[in-house]
Amino acid sequence: MSIQLLFRISIRSDYHISAGHGLGSHIDSALQRDADGLPVLRGTVLAGLLRDGLRDLCSTDPMQASARWQQMVKAAESLVSDDRRGWEPSDALFGAPSQPKRWQISSGRPVDLAKPQETGQSDWRPGGLGGQAAAHVRVHPALRRAEARKLFVREEGDQRLQFDFNATCPTTDEQAIAEAALLVASARMVRHLGAGRRRGRGECSVHLQGVSNWPAKTASAQPDEKALLAIFESYWL
């Protein structure tokens, strides 16, 4: 039996996560989409966001002063053998070359966005299905002026999109409960995603939507985000 957390990421501004290719002569950088043509946030991208959120959370004064957190850090550091990158607190949840990950993060699928076959469209085009074409020009970092012949067009995701994804741990023991609370607190630290986040793009927020297979022996039989944040405060702080 495994604990499963359902999260929803709400986009607050246009975003761009590149698919790594263009679309003919019209789009230089296409938006990442699934096989059915809908925008998607890959699990690796979401795991990176949650890892960054955990890093930010661990840098706060309350976490630095947490005896339980420092105990966990020391115990994990003692297990590191030949990892040249060095150990990070986020490795405990998301894994590292020398440590398997305990939490599996699924891809994020859009909420309430009809598939092309359901809308009668035989194909999708930029500007529909949650995307639009936006032209940009590279600015010289020193002169702060637009550079000649540096115009490019990329497909940007709609700021009204919402994506649901799951975080799954294979156990339901006390450690999994504590990590679930830590993961929810880390998700609340996430503020941006994708390219251009320092220029106002990719603003987002992540909230817990539901929990599956929560251990019945705990105080909260079916916890919500508020209950898990309370568990985080009481256990970690």
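From a predicted model like this one, the values you see are computed outputs, not experimental measurements.

Draft legend 1. Representation of the overall build of the protein. A tally of helices and strands in the protein yields 7 helices and 7 strands. Put simply, the protein runs from its N terminus to its C terminus through helices and strands in the order β-α-α-α-α-β-β-α-β-β-β-α-β-α. Out of the 237 residues in the protein, the part that is buried amounts to 42%. For the protein, the share of sequence-separated contacts (at least 6 apart) that also reach a separation of at least 24 residues comes to 70%. Entry remark: accessible area of the protein is about 12,900 Å², with carbon and sulfur atoms responsible for 48%.

Draft legend 2. Looking closely at unusual backbone geometry. With a phi angle near 60°, R144 is a residue other than glycine that sits in the positive phi range. Classification of R144 by relative accessible area gives exposed; the value is 61%. Positive phi values are uncommon outside glycine, yet R149 reaches one of about 60°. One can find R149 in strand 5 (residues 146-157).

Draft legend 3. Fine view of the nonpolar core. L5, F7, I9, Y15, W103, L182 and L183 are the most contacted members of the largest nonpolar core, which totals 50 residues. Those elements that place two or more of their residues in this core are strand 1 (3-11), helix 1 (43-58), helix 3 (67-77), helix 4 (91-94), strand 6 (162-169), helix 6 (174-187), strand 7 (204-212) and helix 7 (225-236). Sorting elements by how many residues they give to this core places helix 6 first, with 10 residues. Sequence-distant contacts of I9, defined by excluding residues within four places in its chain, comprise L41, L49, L161, Q162, F163, F165, L193, C204, S205 and V206.

Draft legend 4. Just helix 7, in detail. Here helix 7 spans 16 Å end to end across 12 residues, near enough to the 16 Å set by a 1.5 Å rise per residue. Listed as buried for helix 7 are E225, L228, F232 and W236. For helix 7, the arc enclosing every buried residue in end-on projection is 65°, short of the 170-degree limit, so these residues lie on one face. Of the residues in helix 7, the exposed ones pointing more than 90 degrees away from the buried face are K226, E233 and S234.

Draft legend 5. Main features of the packing of helix 6 against helix 7. Two numbers describe how helix 6 lies on helix 7: the axes approach to 8 Å, and their chain directions differ by 110°. One finds that helix 6 runs roughly perpendicular with respect to helix 7. For the pair helix 6 and helix 7, the crossing hand works out as left-handed. Of the residues in helix 7, those touching helix 6 at E174, A178, A181, L182, V184 and A185 are E225, L228, L229, I231, F232, Y235 and W236.

Draft legend 6. Focus on the pattern of salt bridges. This structure, assessed with the given rule, holds 14 salt bridges. The salt bridge partner of R109 is D34, with a shortest N-O separation of 2.7 Å. Linking R109 in strand 3 (residues 109-110) with D34 in the loop between strand 1 and helix 1, this pair joins segments that are 75 residues apart in sequence. Judged by its relative accessible area of 27%, R109 is partly exposed. The class for D34 is partly exposed, based on a relative accessible area of 26%. A salt bridge links E147 to K150; its shortest N-O distance comes to 3.1 Å. On the basis of relative accessibility, which here comes to 34%, the residue K150 falls in the partly exposed class. Taken together, the salt bridges that share partners define one network made up of D34, D36, R42 and R109.

Draft legend 7. Focus on the pairing of strand 6. With 8 bridges connecting them, strand 1 and strand 6 associate as antiparallel partners. Each residue of the ladder has a partner; that of L5, found in strand 6, is A167. Here strand 2 (residues 104-105) runs beside strand 6; their pairing, made up of 2 bridges, is antiparallel. Of the residues in strand 6, the one forming a bridge with I105 is A167.

Parameters at a glance
- Residue indices follow the written sequence of each chain, beginning from 1 at its first position.
- With the structure being a predicted model, the display of local features is reserved for residues of pLDDT at least 70 and the display and counting of side-chain atom pairs for 80 or more, all residues being used for whole-chain, interface and lining totals.
- Heavy atoms from the whole structure form the basis of all side-chain values; hydrogens and water molecules are not counted.
- Working definition: helices are DSSP H or I runs of at least four residues, strands are E runs of at least two. Numbering for both runs from the N terminus.
- The rule is simple: take the accessible area with a 1.4 Å probe, protein chains only, and divide by the maximum for that residue type; under 20% is buried, over 50% is exposed, in between is partly exposed.
- Contacts are assigned to residue pairs with any non-hydrogen atoms lying within 4.5 Å of each other.
- Throughout, the Shrake-Rupley method with a 1.4 Å probe supplies accessible areas, and for residues the shown protein chains are the sole cover considered.
- Residue types Ala, Val, Leu, Ile, Met, Phe, Trp, Tyr and Cys, when buried and joined through side-chain atoms within 4.5 Å, form a set referred to as a nonpolar core.
- The span one expects for a helix is its residue count, reduced by one, times 1.5 Å.
- What the arc describes is the spread of directions from the helix axis to the C-beta atoms.
- Note on definitions: angles span 0 to 180 degrees between N-to-C directions of axes, and those axes are lines fitted to C-alpha atoms, for helices only across the stretch in contact.
- When describing relative orientation, an angle under 35 degrees is termed roughly parallel and one over 145 degrees roughly antiparallel, while 65 to 115 degrees is termed roughly perpendicular and anything else oblique.
- Helix crossings get a hand from a simple test, with the near helix turned counterclockwise from the far one by less than a right angle marking a left-handed crossing and a clockwise turn marking a right-handed one.
- Salt-bridge detection follows one rule: a side-chain nitrogen of Lys or Arg within 4 Å of a carboxyl oxygen of Asp or Glu.
- At least two DSSP bridges between two strands are required for those strands to pair.

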